[in-house]
Amino acid sequence: MRIYDIVFYAAGFFILGILVASLGLNFKITFLITLLSAVLFLFFGYIKQNNRIIWIAGLCLFIIIGNFYYFLYDEYQAQKTNIVFNEKTDFQGVIIKYPEKGNFQKLVVNLEPPYSGRILIETQRYPEFYYGDLIAFEGKIIKPSNLGYANFLAKEGISGTVSFLEVELIAKDKGLKIKSCLFKLRNKIVSIFQKTLSFKKAAFLAGITLGERAEFSKKFKEAMNASGTTHLVALSGYNITVIVTIVFILLNSFFRRRITFLITILTIIGFVLLTGGEASVVRAAIMGFIALFAREVNRVYSARNAIILSAFFMVLFNPKVLYFDVGFQLSFFALLGIIYFLPAVKNFLKLSEDSSIFSIKENFLLTFSAQIFVLPVLIINFGNFSAISLFTNILILEIIPLTMAVGFIIGFLGLFSYYLALVFSWFINLLLSYEIFIIEFFGQKGVFQIKSFNSFLITF
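Reading the values: the criteria
- The residue numbering used here restarts from 1 in each chain and proceeds along that chain's sequence as written.
- Only residues with pLDDT of at least 70 get local features here, since the model is predicted, and only at 80 or more are side-chain atom pairs given and counted; chain-wide, interface and lining totals rely on the full set of residues.
- Working from all heavy atoms in the structure, the side-chain values ignore hydrogens and water.
- Secondary structure elements follow DSSP: runs of H or I of four or more residues count as helices, runs of E of two or more count as strands, with numbering from the N terminus.
- Three exposure classes are used, based on accessible area relative to the maximum for each residue type with a 1.4 Å probe and protein chains only: buried under 20%, partly exposed in between, and exposed over 50%.
- By definition, residues are in contact when any of their heavy atoms lie within 4.5 Å.
- The method behind every accessible area is Shrake-Rupley, applied with a 1.4 Å probe, and residues are considered shielded solely by the protein chains displayed.
- As used here, the term nonpolar core means buried Ala, Val, Leu, Ile, Met, Phe, Trp, Tyr and Cys residues forming a set that is joined through side-chain atoms within 4.5 Å.
- Any pair of Phe, Tyr and Trp rings, taking the six-membered ring for Trp, is counted once the centres come within 6.5 Å. Such a pair is stacked with planes under 30 degrees apart, edge-to-face with planes over 60 apart, and tilted for the rest.
- Think of it as a cone above the ring: NZ of Lys or CZ of Arg counts as a charge over the ring if it is within 6 Å of the ring centre and within 35 degrees of the ring normal.
- Using a 1 Å grid laid over the protein atoms alone, points where a 1.4 Å probe fits but cannot get out form a cavity; open sets with protein on both sides within 12 Å along at least 5 of 7 lines form a pocket; any residue with an atom within 4 Å of a point counts as lining.
- Grid points are joined across faces, edges and corners, and a volume is the space filled by probe spheres set on the points.
- Residues are sorted three ways: Asp, Glu, Lys and Arg are charged, Ala, Val, Leu, Ile, Met, Phe, Trp, Tyr, Cys and Pro are nonpolar, and all the rest, Gly among them, are polar.
- For helices, the fitted axis covers only the stretch in contact; all axes are lines through C-alpha atoms, and the angles between them, taken along N-to-C directions, range from 0 to 180 degrees.
- Any angle that falls under 35 degrees is termed roughly parallel, while one over 145 is termed roughly antiparallel, one within 65 to 115 roughly perpendicular, and all others oblique.
- Values of pLDDT, which run from 0 to 100, indicate the predictor's confidence residue by residue.
- By definition, no residue in a patch forms a salt bridge, and every one has over 30% relative accessible area; like charges are joined within 9 Å, nonpolar side chains (Val, Leu, Ile, Met, Phe, Trp, Tyr) within 5 Å.
- The term salt bridge refers to a pairing of a side-chain nitrogen on Lys or Arg with a carboxyl oxygen on Asp or Glu at a separation within 4 Å.
- Expected span of a helix: the number of residues minus one, times 1.5 Å.

A. The arrangement of the overall build of the protein in detail. Broken down by element type, the protein carries 19 helices and nine strands. For the protein, the residues scored as buried account for 47% of the 460 residues in total. Of the contacts made within the protein by residues no fewer than 6 positions apart, 71% connect residues no fewer than 24 positions apart. For the protein, the accessible area works out to roughly 24,400 Å², and carbon and sulfur atoms hold 67% of it.

B. Fine view of the environment of Ile-83. Within the secondary structure layout, Ile-83 lies in the loop between helix H4 (61-79) and strand S1 (89-95). The exposure class of Ile-83 is buried, given its relative accessible area of 11%. For Ile-83 and Ile-119, which are 36 residues apart along the polypeptide, the C-alpha to C-alpha distance reads 9.2 Å.

C. Region of interest: the nonpolar core. Formed by 54 residues in total, the largest nonpolar core has its most connected members in Phe-204, Met-224, Leu-232, Ile-240, Phe-271, Ile-428 and Ile-439. Excluding anything up to four places from it in sequence, Leu-232 contacts Phe-204, Gly-207, Ile-208, Met-224, Ile-396, Leu-397, Ile-400 and Ile-439. Counting residues in hydrophobic clusters, the runner-up holds 22 residues, among them Val-321, Leu-322, Phe-328 and Leu-335.

D. Main features of the packing of aromatic side chains. In this structure the tally under the stated criterion is 20 aromatic pairs. Measuring from ring centre to ring centre gives 5.3 Å for Phe-412 and Phe-416, while their planes differ by 65°; the resulting arrangement is edge-to-face. Ring centres 5.0 Å apart and planes at 90° place the aromatic pair Phe-441 and Phe-442 in the edge-to-face group. A residue is classified by how much of its surface remains accessible, and Phe-442, at 9% relative accessible area, is buried. Grouping aromatic residues by their ring pairs yields a cluster made of Phe-27, Phe-31, Phe-68, Tyr-70 and Phe-71. A cation over an aromatic ring shows up here: Arg-125 above the ring of Tyr-126, its NZ or CZ 5.0 Å from the ring centre. Just above the ring of Phe-152 sits the side chain of Lys-155; from NZ or CZ to the centre is 4.6 Å.

E. Representation of the layout of surface pockets in the model. In this structure, the second largest pocket spans a volume of roughly 640 Å³. Along the walls of the second largest pocket sit 21 residues, with Ile-246, Val-247, Thr-267, Phe-408 and Phe-412 positioned nearest its centre. The set of elements that each furnish at least two residues to the lining of the second largest pocket consists of helix H6 (177-196), helix H9 (237-251), helix H10 (257-274) and helix H17 (400-414). Taken together, the residues that form the lining of the second largest pocket break down as 17 nonpolar, four polar and no charged.

F. How the structure looks around empty space enclosed by the protein. A full pass over the atoms with the stated rule returns one cavity of 30 Å³ or more. The calculated volume of the largest cavity comes to roughly 40 Å³. If you trace the largest cavity, you find it lined by Val-190, Gln-194, Phe-199, Ala-202, Ala-203, Ala-206, Glu-212 and Glu-215. Ranked by residues supplied to the lining of the largest cavity, first place goes to helix H7 (residues 199-210) with four residues. Looking at the lining of the largest cavity, its residues break down into five nonpolar, one polar and two charged.

G. Main features of the packing of helix H8 (residues 218-227) against helix H18 (residues 418-442). Close contact between H8 and H18 brings their axes to 7 Å; oriented N to C, the two are set at 75°. When the interaxial angle is binned, H8 and H18 end up roughly perpendicular. The segment H8 lies against H18, with Phe-220, Ala-223, Met-224, Ala-226 and Ser-227 engaging Ile-436, Ile-439, Glu-440 and Phe-442. Tallied by class, the residues present in the contact of H8 with H18 amount to seven nonpolar, one polar and one charged.

H. Spatial organisation of the packing of helix H3 (residues 51-59) against H4. Their axes nearest at 4 Å, the elements H3 and H4 cross at an angle of 20°. Considering the angle they form, H3 stands roughly parallel to H4. Taking contact as the criterion, the partners of Ala-57, Gly-58 and Leu-59 in H3 are, on H4, Leu-61, Phe-62 and Ile-63. Considered class by class, the residues forming the contact of H3 with H4 number five nonpolar, one polar and no charged.

I. Region of interest: the confidence of the model for the protein. Per-residue confidence for the protein averages 80 on the pLDDT scale, and 89% of its residues sit at or above 70. Ignoring residues within four places in sequence, the model shows residues 451-460, a span with pLDDT below 50, making 10 contacts including any to other chains.

J. A look at a nonpolar patch on the surface. On the surface, Leu-36, Leu-40, Phe-43, Phe-44, Tyr-46 and Ile-47 cluster together to form a nonpolar patch covering roughly 670 Å² of accessible area. In this structure, Phe-44 sits in helix H2 (residues 27-48). In this structure Phe-44 comes out as partly exposed when scored by relative accessible area, which is 43%.

K. Structural context of H7. The terminal C-alpha atoms of H7, which comprises 12 residues, lie 16 Å apart, in line with the 16 Å expected from a rise of 1.5 Å per residue. Burial runs high along H7: 10 of the 12 residues are buried. Those residues of H7 that fall on the buried side of the exposure criterion are Lys-201, Ala-202, Ala-203, Phe-204, Leu-205, Ala-206, Gly-207, Ile-208, Thr-209 and Leu-210. Note on H7: the residue one or two positions beyond its end, Gly-211, has a positive phi of about 75°.

The structure is reproduced here in structure tokens:
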């Protein structure tokens, strides 16, 4: 078996072990079943003189390693958590993530000694708090009783929640300096959008470029959900592709290939940190690294191995994301649809290759392939999907890359000159007006949204 096949299967079996543990199967049972399977593979491989089957027998052990790693991770998280639950207590902690803001603020906080652990605070909209703020509060930290919500928080390492209490700022800039600078840059870019565009357009542009959804109205969120366009503000490979393209265009003519490569990698890392590290953008970033590295060392890029390695590194960092992060699942299922189902559809229809981002045919097939693969995830997790989403996405996806590119240019130019940013905003106004019109028109009253499914039909 070739080395890249060994890497592929080892990573895949490790992830399978993580999945089995996420489903709650006992480690001893998993160990016995896997060991028995390995023995059977070994026996049949020896009988049939098939080295591939023998290799799979050995690789089965990675299921046990993945399974054990999941429980080890759980134990480690428990060991470093020391929280008093359901008692009114004085706490202090540092905000360690970009605050989610809307009608109220959601703050992810690392508690300071004598306590330890990560909690979620929901508090009033003002005064505003930022990443790195050291805050003090008094209240009861509640351990989530709902298993689904508890698992949702667990993927972020959050052990408890506390809501709508008085929060006092003690000190600022207690986080990592680079993240503080990047989050300040993010706030600055959003403010540039707000100065050069109308409120609704600025909010939407911030959503598709930076994943910022704080200023979306409830009505607009409902319209995006009903029209099947919510994914536009979920950071993904689109964002990474646009950024890499812009960086290459700007730098490739002035610097050597190696310097351009290094700056591009640093730019991607900066963007991941800037946007808070959502699962979809981390996946896209890792695959981008692999693709750029393969190009740099003149090696063949394997999409199959890039996908499995991206998933492997993400679950290695946090095994909870595999089963409890819907964004992670949507990102990978959409990608699988594009990489494997899309070529099959093209081959079946005997269509020629056309990779242009402005091709209606290409975007139709790309959207269709992604939608088919994410459909089970949407139905199982949300119980609904938009029947018109395919048509809506075709109408919008044609110009989203251009909108993103101009949005990033406005954000960059606005750091130096308001008037330069304003000039580009006149052009992007037309694009945003069209996109918002399509979303709101097809999102009216959820006319095209199918909201209920029989679980039996979902299974079969």
